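Architecture and fold: a report
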Amino acid sequence: MDIQLILSRRRNFICTIAITALCMVVMLGCAREATKPPSPTLPTGKRIPSKDERMKWWRDARLGMFIHWGIYSVPAGTYKDQQVPGTGEWIMNSAHIPVAEYEQFAKQFNPAKFNAEQWVHIAKNAGIKYIVITSKHHDGFCLWDSKVSNYDIMDATPFKRDILKELSAACKKQGIRLCFYHSIMDWHHPDAQGTFFPNYNDGGRSNPNFAQYAENYMKPQLKELVNNYGPLGVLWFDGEWIPDWTEEQGKDLYKYVMGLQPNIIINNRVGKGRKGMEGLSKDEESAGDFGTPEQQIPPKGLPGVDWETCMTMNDTWGYVSDDNNWKSTEALLRNLVDIASKGGNFLLNVGPTSEGLIPQPSVERLAAMGEWMKANGESIYGTTASPFGMVPWGRCTAKPGKVYLHIFNWPTTGKLEVTGLINKVEKAYLLADNKQAGLAVSQDEDNIVISVPEKAPDTIDTVVVLEIKGKPEVVPQGLLKQAKDGTVILKASNATVHGDTARYESGGGKDNIGFWTDPQDYVTWDFKVTTTGRFNVEITFACSPGSGGSEYSVSVAEQELIGTVRETGSWTEFVSEKLGTVKISKAGVYTLTVKPKTMPRGAVMNLKSITLVPIKETK
Ligand code: FHN
């Protein structure tokens, strides 16, 4: 057989193999295709985007505006010449106003100064990326032209303009995502009323027709909102806690809304997800895309889930004429940074007046926040949580290739120390410095020292950028080392807090474990001992007058020391005291625990540090 033939036969053989292989691949592919779960689609054939696809814009946005607006802005916290306790939007319930009487406020609601373009401009200028407005709050009044009800802006007020339609147009024009808050609880609709109103304080009673309200009123209204004012960014449900609403109904409503707009985002209050203090459902199964802690920032964030803190600028969601307890711009900006450093979003509320104006103190704060965001927004938008634990100088956010150091407490030495970052720092500079003039950096293993200006360029938050290669890598937190002289310094910023109220606090003279109002909460440190021996144990703490007297234990290496908190003058006047001595005979890793034994006056202490000082044994 000549070579040619062999070659040709071989070629044929190879071709046969190749074709067979190709068929195998195709068949395998088909088989895999057949076994691969089909990408979820709706009956309409629309593909449902993945959660990550839906959440991307929201995770990047970080900052939203909450707007609580409705006919409750007419009484504005006053009823029959009396200031009504509670928030403005609850006045119908708080003052037990009968439905027919409350409806009269609709006849007075004529917000002639309302200007949607101006509202959206104020939001955009503040660095806000999305707006969540109350389409319908618990009082049942609808801010849009609903075909399902006459209890709305078009039929029940002299204003007769579709507020949500105007806001939708302004948001589209200025590139801001429009989102709607919608209350499941409804004090006006006869098939929903009575769930909590007017017997709110007796724990509420059920309305036997609630299911009809949900199917024949609430769902059709949601369809109007999604189809006629969308596409929406988020449907933000609320009023879910009532006895007539169940998790099953929440899951059904979640599916219903997703069917209307497959890429929408829905909060956890669509069902019964708001458990515990953090407003986040602990079980994976509950409906909703993100947790909704309210008026508080979870001390350790909510690792592993999406979450958003919603917060008022003063003490009320809906406008109250005499509520002037405004948070400072510093507090609002540092809340934003704190939340972003824990991987969350900040939904900051405004409560417009019955004239249609956002209160001036809110406008001023938003403008000041916008100035900071213009220079530093890169350190907030699209960032992830701090790769470190808590840090004494402020907070930290990150992106691949960059670590943003948010300096609240500016160093007086001109040197900023950062411990724990393994990556080599390629460059450091002030984010607000457009020229990005570099700052001198010295790095020894995971200890970085950055030379910074003597004075803080921005006293609220100066951002120092560390440019690194790749993603930030940090030394595992928690395992602390002995100093060369054998001393062990256990700082509050390195502590592990066990419990939900005690937390690390920094700024304003604080660098401590504080908010220690639950005696069940305790703190621990893990540390490594190589130099053994006897140690003096010192505690550094502060305690305000009237809060002293708590007893606590400090335990390590199976030994326990007992202390009693004395008053030191204030929560930021720290003193150090020797508690006693302990013996550590064997090198290794140890856990030191500080646990309250009694708390007679509402708080334990502000704990700054525990120090183990080696005792030099005399020969
Ligand atoms: O009762 C409402 C309240 O009025 C306000 O709307 C807040 C905002 O999150 N949500 C409920 C209280 O949790």
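Reading the values: rules and limits
Residues numbered from 1 in each chain as written. Predicted model: local features only at pLDDT ≥ 70, side-chain atom pairs only at ≥ 80, totals over all residues. Heavy atoms only, no water. Helix = DSSP H or I, 4+ residues; strand = E, 2+ residues; numbered from the N terminus. Buried < 20%, exposed > 50% of the residue type's maximum accessible area, 1.4 Å probe, protein only. Contact = heavy atoms within 4.5 Å. Areas by Shrake-Rupley, 256 points an atom, 1.4 Å probe, with all protein chains shown as cover. Core = buried A, V, L, I, M, F, W, Y, C linked by side-chain atoms within 4.5 Å. Domains from an automatic or database assignment. Near = heavy atom within 4 Å. Polar contact = N/O pair within 3.5 Å; in protein donor to acceptor, adjacent residues only side chain to side chain. Nonpolar A, V, L, I, M, F, W, Y, C, P; charged D, E, K, R; others polar. Pairing = 2+ DSSP bridges. Axes fitted to C-alpha atoms, helices over the stretch in contact; angles between N-to-C directions. Parallel < 35°, antiparallel > 145°, perpendicular 65-115°, else oblique. Left-handed = near helix turned anticlockwise from the far one by under 90°. Arc of directions from axis to C-beta. Phe/Tyr/Trp six-rings, centres within 6.5 Å; stacked < 30°, edge-to-face > 60°. Lys NZ or Arg CZ within 6 Å of the ring centre and 35° of its normal. Salt bridge = Lys/Arg side-chain N within 4 Å of Asp/Glu carboxyl O.

In this section: the overall build of the chain. Secondary structure assignment for the chain yields 11 helices and 28 strands. In the chain, which comprises 619 residues, the share counted as buried stands at 52%. In the chain, 71% of the contacts between residues at least 6 apart in sequence involve partners at least 24 apart. When the accessible area of the chain is evaluated, it comes to approximately 27400 Å², of which 54% is carbon and sulfur surface.

The next point concerns the nonpolar core. Tyr102, Ile133, Ile163, Leu164, Phe180, Phe237 and Leu366 are the most contacted members of the largest nonpolar core, which totals 100 residues. When residues of this core are sorted by domain, at least three fall in each of domain 1 (59–378) and domain 2 (394–476). What phenylalanine 237 contacts, discounting residues up to four positions off in sequence, is His182, Ile184, Leu222, Leu253, Val257, Ile266, Asn267, Arg269 and Val270. Listed in part, the 36 residues of the second largest apolar core include Leu490, Ala495, Ala502 and Ile610.

So, about the site of the ligand. Neighbouring the ligand are 15 residues, the closest being His68, Glu89, His138, Asp238 and Arg274. In this structure, an oxygen atom belonging to the ligand sits 2.7 Å away from a side-chain N or O atom of histidine 68. Contacts to the ligand include histidine 138, whose side-chain N or O atom sits 2.7 Å from an oxygen atom. Protein contacts shield 92% of the accessible area of the ligand, which totals 330 Å² for the unbound molecule. Here the shell around the ligand is built from residues that sort into seven nonpolar, three polar and five charged.

Take the sheet that holds strand 13 (residues 425–430) next. Ordered in space as 10-11-16-13, the four strands form an open sheet in which the pairing is antiparallel. Edge positions in the sheet fall to strand 10 (394–399) and strand 13, since each of these pairs with one other strand and no more. The sheet shows a mean angle of 20 degrees between the axes of neighbouring strands, taken without regard to direction. Of the pairings in the sheet, the one linking strand 11 (residues 402–407) to strand 16 (residues 462–468) comprises six bridges and is antiparallel in character. Counterpart to isoleucine 407 in the pairing with strand 16 is threonine 462.

Here the focus is the environment of glutamate 558. Along the chain, glutamate 558 turns up in the loop between strand 24 (551–556) and strand 25 (559–564). Residue class for glutamate 558 comes out exposed when judged on its relative accessible area of 86%. Through-space distance from the C-alpha of glutamate 558 to that of leucine 592 is 9.6 Å; in sequence the pair is 34 residues apart.

On to the packing of helix 6 (residues 116–125) against helix 7 (residues 163–174), then. Contact geometry for helix 6 and helix 7: axes closest at 8 Å, N-to-C directions at 45 degrees. Between helix 6 and helix 7, the angle is such that the two are oblique. Pair helix 6 / helix 7 crosses with right-handed handedness. Between helix 6 and helix 7, the residues in contact are Ala116, Glu117, Trp119, Val120, His121 and Lys124 and Glu166, Leu167, Ala170, Cys171, Lys173 and Gln174, respectively. Among the residues making up the contact of helix 6 with helix 7, the classes are represented as six nonpolar, two polar and four charged.

Quick look at the packing of helix 8 (residues 210–229) against helix 9 (residues 247–260) now. Across the interface, helix 8 lies against helix 9 with an axial gap of 10 Å and an inter-helix angle of 30 degrees. As helix 8 packs across helix 9, the resulting crossing turns out to be right-handed. For the pair helix 8 and helix 9, contact is made by Glu215, Met218, Lys219, Pro220, Leu222, Lys223, Val226 and Asn227 and by Asp252, Leu253, Tyr256, Val257 and Leu260, respectively. In the contact of helix 8 with helix 9, the residues fall into eight nonpolar, one polar and four charged.

Moving on: unusual backbone geometry. With omega at 0 degrees, the peptide bond leading from glycine 230 into proline 231 counts as cis. Structurally, proline 231 can be placed in the loop between helix 8 and strand 6 (234–238). Within the chain, aspartate 81 stands out as a residue other than glycine whose phi angle is a positive 65 degrees. When its relative accessible area of 75% is taken as the criterion, aspartate 81 is described as exposed.

Looking now at the sheet that holds strand 1 (residues 63–67). One open sheet holds the seven strands; their spatial order is 7-6-5-4-1-9-8, and the pairing between them is parallel. Each having just a single partner strand, strand 7 (265–266) and strand 8 (308–311) make up the two edges of the open sheet. Where strand 8 lies against strand 9 (residues 345–350), four bridges are found, and the strand directions are parallel. Looking at the pairing, methionine 311 lines up with leucine 348 of strand 9.

Turning to helix 6, a few remarks are in order. Turning to helix 6, its buried residues number three or more, namely Ala116, Trp119, Val120, Ile122 and Ala123. One side of helix 6 carries all its buried residues, which in axial view fall inside an arc of 155 degrees. Buried residues belonging to helix 6 abut strand 1, strand 4 (130–136), helix 7 and helix 11 (360–376). In this structure asparagine 115 caps helix 6, since a side-chain oxygen of it lies 3.0 Å from the backbone nitrogen of glutamate 117.

As defined by bridge partners, strand 24 adjoins strand 25 across six bridges and the pair is classed as antiparallel. Its bridge partner being in strand 25, glutamate 551 is matched across the sheet by threonine 564. The hairpin formed by strand 24 and strand 25 contains two residues between the paired strands, and alanine 557 there has a positive phi angle of roughly 45 degrees.

Three or more residues of helix 2 (residues 51–61) are buried, namely Arg54, Met55, Trp57, Trp58 and Ala61. All buried residues of helix 2 project into a common sector of 145 degrees when viewed along the axis, lining one side. Immediately beyond the C-terminal end of helix 2, within one or two residues, lies arginine 62, with a positive phi of roughly 65 degrees.

Moving on, we come to the packing of aromatic side chains. For the structure shown, the criterion picks out 21 aromatic pairs. Aromatic pair tryptophan 90 and tryptophan 187: ring centres 4.9 Å apart, planes at 70 degrees, arrangement edge-to-face. With tryptophan 90 in the loop between strand 3 (82–83) and helix 3 (91–94) and tryptophan 187 in the loop between strand 5 (177–183) and helix 8, this pair connects stretches of sequence that are 97 residues apart. We note that tryptophan 90, like tryptophan 187, is buried. Among the aromatic residues, ring-to-ring pairing joins Trp69, Phe109, Phe114, Trp119, Phe141, Tyr151 and Phe159 into one connected group. Looking at lysine 129, its charged tip hangs above the ring of tyrosine 381, at a distance of 4.5 Å from the centre. Lysine 219 extends its terminal NZ or CZ atom over the ring of tyrosine 256, reaching a point 5.0 Å from the ring centre.

Right, let's get into the side chain of aspartate 289. Along the chain, aspartate 289 falls in the loop between strand 7 and strand 8. Exposure remark for aspartate 289: the relative accessible area of 4% places this residue in the buried category. Beyond its immediate sequence surroundings of up to four residues, aspartate 289 is in contact with Lys51, Arg54, Met55, Tyr254, Ile264, Ile265, Ile266, Asn267 and Asp306.

What follows concerns the pattern of salt bridges. A full pass over the atoms with the stated rule returns 24 salt bridges. As a salt-bridge pair, glutamate 117 and lysine 173 come within 3.1 Å of each other at their nearest N and O atoms. Residue glutamate 117 is found in helix 6, and its partner lysine 173 is found in helix 7; the two are separated by 56 residues along the sequence. With a closest N to O distance of 2.9 Å, aspartate 338 and arginine 395 form a salt bridge. Within this pair, whereas aspartate 338 is found in helix 10 (residues 329–341), its partner arginine 395 is found in strand 10, the two being separated by 57 residues in sequence. By relative accessible area, arginine 395 is classed as buried at 10%. Taken together, the shared-partner salt bridges in this structure form one network comprising Lys51, Asp52, Arg59 and Asp306.

All we've got here are geometric facts, nothing functional implied.
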